[in-house]
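Structural overview
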Amino acid sequence: MANVVVIGTQWGDEGKGKVVDLLTAHASRVVRFQGGNNAGHTLVVDGEKSIFHLIPSGILYPDKRCLIGNGVVVDPEVLLEEIKGLFERGIKVDPQRLGLSERAHLIMPYHKAIDIAREKAKGASKIGTTGRGIGPCYEDKVARVGIRAVDLAEPESLDDKIKANLKEKNFCLANLFESEPLAYEPIAERYRSLSHELSPFIVDVSIELDEAIRRKENVLFEGAQGTLLDVDHGTYPFVTSSNPVAANASIGAGIGPKRLDSIVGIVKAYSTRVGAGPFVSELTDEIGDYLQEKGQEFGATTGRRRRCGWLDLVVVRYSTRLNGLTHLAITKLDVLTGLDTLNLCIAYEHQGDTLENVPPQLSTLNNCSPIYQAMEGWHEDISGARALEELPKNAQAYVKRIEGFVGVPVSIVSVGPGREQTIVCTNPFDSS
Ligand code: GDP
Ligand code: IMO
Ligand code: MG
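On a predicted model such as this, the values are computed, not experimentally measured, just so you know.

Considering the site of ligand 1
- Taken together, 18 residues surround ligand 1, and among them Lys16, Gly17, Thr42, Asp334 and Ser414 come closest.
- Backbone polar atom of glutamate 14 to an oxygen atom of ligand 1: 3.1 Å apart, as the coordinates give it.
- One of the backbone N or O atoms of lysine 16 is found 2.7 Å from an oxygen atom in ligand 1.
- In isolation ligand 1 exposes 580 Å². Once the protein is present, 93% of that is buried.
- For the shell around ligand 1, the elements supplying multiple residues, two or more each, are helix H1 (16-24) and strand E3 (41-45).
- In terms of residue count, H1 provides more of the shell around ligand 1 than any other element does, 3 residues in total.

Things to note about the site of ligand 2
- Not every one of the 20 residues close to ligand 2 is listed here, only the nearest: Asp13, Lys16, His41, Thr130 and Thr240.
- Asparagine 38 is positioned with one of its side-chain polar atoms (N or O) 2.9 Å from an oxygen atom of ligand 2.
- In the model, an oxygen atom of ligand 2 is placed 2.8 Å from a nitrogen or oxygen of the glutamine 225 main chain.
- Split into classes, the residues belonging to the shell around ligand 2 amount to 7 nonpolar, 10 polar and 3 charged.
- When residues of the shell around ligand 2 are sorted by domain, at least three fall in each of domain 1 (3-94 + 204-430) and domain 2 (105-201).

Some details on the pairing of strand E4 (residues 48-52)
- For E3 and E4, the ladder comprises 5 bridges, and the chain directions are antiparallel. Looking at E4, one finds that valine 44 is bridged to lysine 49.
- Taking the residues that link successive antiparallel strands as the turn, the E3-E4 hairpin has 2 residues, and the phi of aspartate 46 there is positive, at about 50 degrees.

So, the side chain of lysine 18
- Relative to the elements of secondary structure, lysine 18 occurs in helix H1.
- Notably, lysine 18 is buried but unbridged: the nearest opposite-charge side chain belongs to glutamate 420, and the N-O separation is 7.0 Å.
- Apart from residues lying up to four places away in sequence, lysine 18 is in contact with Thr42, Ser414, Gly416, Pro417, Gly418, Arg419, Gln421 and Thr422.

What about the environment of phenylalanine 279?
- Counting through the fold element by element, phenylalanine 279 comes out in the loop between strand E12 (271-273) and helix H9 (286-294).
- Residue phenylalanine 279 is classed as buried on the basis of its relative accessible area, which comes to 8%.
- Separated by 91 residues in sequence, phenylalanine 279 and proline 370 place their C-alpha atoms 9.7 Å apart.
- Not counting chain neighbours up to four residues away, the residues in contact with phenylalanine 279 comprise Trp11, Ser271, Thr272, Arg273, Arg307, Cys308 and Gly309.

Focus on the domain arrangement of the protein
- According to the domain assignment, the protein contains domain 1 (3-94 + 204-430) and domain 2 (105-201).
- Distance between the C-alpha centres of domain 1 and domain 2: 29 Å.
- The interface is formed by 29 residues belonging to domain 1 together with 22 residues belonging to domain 2.
- Across the domain 1/domain 2 interface, buried area totals approximately 2000 Å², and carbon plus sulfur atoms make up 60% of it.
- When residues of domain 1 are sorted by the area they lose upon contact with domain 2, Val73, Pro76 and Leu80 head the list and together hold 26% of the total.
- Counting the contacts that link domain 1 with domain 2 gives 2 salt bridges.
- Aspartate 75 is the partner of lysine 112 in a salt bridge, and the nearest nitrogen-oxygen pair spans 3.0 Å.
- Counting the contacts that link domain 1 with domain 2 gives 9 residue pairs in polar contact (both at pLDDT 80 or more).
- Among the elements of the structure, strand E6 (73-74) and helix H2 (76-88) are those that each provide at least two residues to the side of domain 1 that touches domain 2.

Some points on the nonpolar core
- Ranked by size, the top nonpolar core spans 52 residues in total, and within it Val5, Leu209, Phe221, Leu333, Leu336, Leu391 and Tyr398 carry the most contacts.
- Among the elements that take part in this core, helix H12 (residues 393-406) stands out by supplying 6 residues, more than any other.
- Not counting residues within four places of it along the chain, the set of residues in contact with leucine 336 comprises Ala269, Tyr270, Leu291, Leu342, Trp378 and Tyr398.
- Ranked by size, the runner-up nonpolar core spans 48 residues in total, among them Leu22, Val72, Val78 and Ile187.

Things to note about H9
- What H9 keeps buried is the set Gly288, Leu291 and Gln292. Viewed end-on, H9 has its buried residues packed into an arc of 100 degrees, placing them on one side of the element. Those residues of H9 that are exposed and angled more than 90 degrees off the buried face are Glu286 and Glu293.
- Next to the buried residues of H9 lie strand E13 (307-309).
- Of the residues flanking the start of H9, the one acting as N-cap is aspartate 285, its side-chain oxygen 3.1 Å from the backbone nitrogen of isoleucine 287.
- Backbone geometry just downstream of H9 places glutamine 296 in the positive-phi region, at approximately 50 degrees.

How each quantity is defined
- Residues numbered from 1 in each chain as written.
- Chains lettered and ligands numbered in written order.
- Predicted model: local features only at pLDDT ≥ 70, side-chain atom pairs only at ≥ 80, totals over all residues.
- Heavy atoms only, no water.
- Near = heavy atom within 4 Å.
- Polar contact = N/O pair within 3.5 Å; in protein donor to acceptor, adjacent residues only side chain to side chain.
- Areas by Shrake-Rupley, 256 points an atom, 1.4 Å probe, with all protein chains shown as cover.
- Helix = DSSP H or I, 4+ residues; strand = E, 2+ residues; numbered from the N terminus.
- Nonpolar A, V, L, I, M, F, W, Y, C, P; charged D, E, K, R; others polar.
- Domains from an automatic or database assignment.
- Pairing = 2+ DSSP bridges.
- Buried < 20%, exposed > 50% of the residue type's maximum accessible area, 1.4 Å probe, protein only.
- Lys, Arg positive; Asp, Glu negative; His and termini not counted.
- Salt bridge = Lys/Arg side-chain N within 4 Å of Asp/Glu carboxyl O.
- Contact = heavy atoms within 4.5 Å.
- Buried area = accessible area lost by both parts, 1.4 Å probe.
- Core = buried A, V, L, I, M, F, W, Y, C linked by side-chain atoms within 4.5 Å.
- Arc of directions from axis to C-beta.

This is the structure in structure tokens:
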């Protein structure tokens with residue numbers, strides 16, 4: 001029995017959805033603990049593609065229960081759309097299958113409006129957010145004026161809260177951002193009716209997890225975004241507004257940290273980033289285009305073209321420390337097939353100094369150049385490999401180099417988007 005956390009070690013989109021789907025086979029419950037529908041997690045099962053933004057990626061297994069923890073910010077409209085989309089595909093997501101924490105904060109229409117208006121006002125210095133209202137919702141949570149799922153059950157105080165919040169938000173929208181203020185009545189009315197649709201799903205996730213863990217069931221925690229987008233540890237201010245690091249699985253789901261056994265870090269075999277911000281190993285040449293096209297690197301949430309670059313091992317080692325990784329899952333190795341030479345960024349050069357860690361200052365990071373170690377590539381198709389020994393020698397050496405550099409064993413290697421296109425070396429649920 002073990003509880004496993006899956007997190008992204010880079011800037012998101014590492015393939016967390018695929019790995020969570022794969023590992024769900026060993027768990028009874030899959031739990032999201034932070035972020036919101038800024039996430040886009042892609043699964044390909046029997047050739048059919050699904051993208052989930054809020055519902056945990058375990059939902060395709062009919063006998064597993066999915067939970068949305070208190071640390072997630074939930075846009076009720078998106079949640080209902082996702083449930084509806086699954087229903088249309090013959091997958092019934094009822095309160096047996098899905099639970100939403102009563103303490104989760106709700107994304108309101110004014111959060112989206114502020115997110116979009118603020119980005120517009122920033123002009124060239126914008127962060128490139130997903131525009132889903134994530135930052136403003138977390139701001140309200142910390143400012144202690146947020147609206148939580150539990151508030152839906154108390155319509156009168158819900159109305160008061162919406163009214164008080166709107167007063168402030170409309171002032172900002174109209175006076176700071178030159179945007180249209182929002183009307184109170186349609187929002188209040190909509191959230192009253194949402195209450196009926198959502199209330200059957202609302203549960204105490206912490207109590208449910210405690211009971212499941214006492215029964216020795218396996219629980220899988222699904223991270224969103226990635227460590228370099230962490231509001232504390234990422235490339236601030238070009239980050240998201242939550243903590244995607246593994247420790248937050250404890251806070252964002254309401255369980256004690258000693259109950260987390262294995263921490264699986266997902267490492268894409270190269271680097272990508274959506275939105276603005278520093279990216280030391282970025283490639284703006286034809287190899288960057290090659291990775292973007294071959295890897296189909298378009299945002300699963302916004303459809304934006306992802307920036308691409310060589311694998312940054314400084315970043316992966318940084319993530320290893322911050323998350324206390326116990327296992328690595330390397331994804332998209334197949335995308336590197338066909339390149340003669342592969343570069344691995346093993347340190348940064350800054351004004352004549354060699355840096356081995358990610359510096360905190362944006363100005364320093366923006367002026368770092370990558371120091372590369374070159375490795376030989378391979379040309380054989382690897383998408384059918386199901387054991388490490390079936391990979392070409394140079395691909396094995398690439399995997400071993402990552403493992404050696406960060407000092408954590410490789411547990412999974414993904415060689416294609418499909419559930420079955422995977423090499424499983426060890427099972428993270430077996431480790432305790
Ligand atoms: P997430 O946000 O971390 O879940 O990742 P995304 O779903 O946003 O992006 C990962 C993309 O890569 C998706 O389109 C996946 O279907 C795809 N993918 C995952 N693993 C592999 C792999 O090993 N090879 C290839 N070619 N694609 C993969
Ligand atoms: P998954 O879970 C990649 C990025 C945005 C932007 C920054 C802040 O699919 O890996 P936000 O809307 O969160 O305030 O935007 O964070 N971002 C992601 N990039 N994958 C994600 O999620 C992301 N979620 C947010 O592009 O740069
Ligand atoms: Mg994604």
